[in-house]
Amino acid sequence: MPDDLYDRYQRAARAHSAHRAECTHCTDTAHCPDGARLYGAFERLQDAYLSVLRRRSGR
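Residues numbered from 1 in each chain as written. Predicted model: local features only at pLDDT ≥ 70, side-chain atom pairs only at ≥ 80, totals over all residues. Heavy atoms only, no water.

Describe the overall build of the chain, naming the residues involved and giving the relevant values.
The helix and strand inventory of the chain stands at two helices and zero strands. Against the 2.2 N^0.38 benchmark of 10 Å for 59 residues, the chain shows a C-alpha radius of gyration of 13 Å, more extended than a compact globule. In terms of overall dimensions, the chain has C-alpha extents of about 40 × 20 × 15 Å along its principal axes. Evaluated residue by residue, the chain yields a buried proportion of 29% over its 59 residues. When the accessible area of the chain is evaluated, it comes to approximately 4,400 Å², of which 50% is carbon and sulfur surface. (Helix = DSSP H or I, 4+ residues; strand = E, 2+ residues; numbered from the N terminus. Rg over C-alpha atoms; globule rule 2.2 N^0.38 Å. Buried < 20%, exposed > 50% of the residue type's maximum accessible area, 1.4 Å probe, protein only. Areas by Shrake-Rupley, 256 points an atom, 1.4 Å probe, with all protein chains shown as cover.)

Take a look at the structure:
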């Protein structure tokens, strides 16, 4: 599961970055509706992946 989670997290990061590069409405602190959805997906997957790593390391 962690490898699949990592892959999904990385895909979400790439999707958000690609959107951010093209969207004239998104900034570092504000997102258009599509940007907010993409960033939210990235954020949730990143948090989940980091939680797995913390559990593995005993933190």
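Explain the packing of aromatic side chains to me, and be specific about the residues and the numbers.
The full count for this structure, using the stated rule, is five aromatic pairs. Pairing tyrosine 6 with tyrosine 9 gives two aromatic rings, centres 5.9 Å apart and planes at 80 degrees, and the pair type is edge-to-face. Of this pair, tyrosine 6 and tyrosine 9 are both found in helix α1 (residues 2–22), three residues apart, which corresponds to roughly one turn of the helix. Its relative accessible area of 36% is what places tyrosine 6 among the partly exposed residues. Look at tyrosine 9 and you get buried, because its relative accessible area is 13%. Aromatic side chains tyrosine 39 and phenylalanine 42 sit 5.9 Å apart centroid to centroid with 55 degrees between the ring planes, which places their arrangement in the tilted category. Of the two residues, tyrosine 39 and phenylalanine 42 are both situated in helix α2 (residues 33–57); the distance of three residues between them amounts to about one turn of the helix. Given a relative accessible area of 15%, phenylalanine 42 falls into the buried group. (Phe/Tyr/Trp six-rings, centres within 6.5 Å; stacked < 30°, edge-to-face > 60°.)

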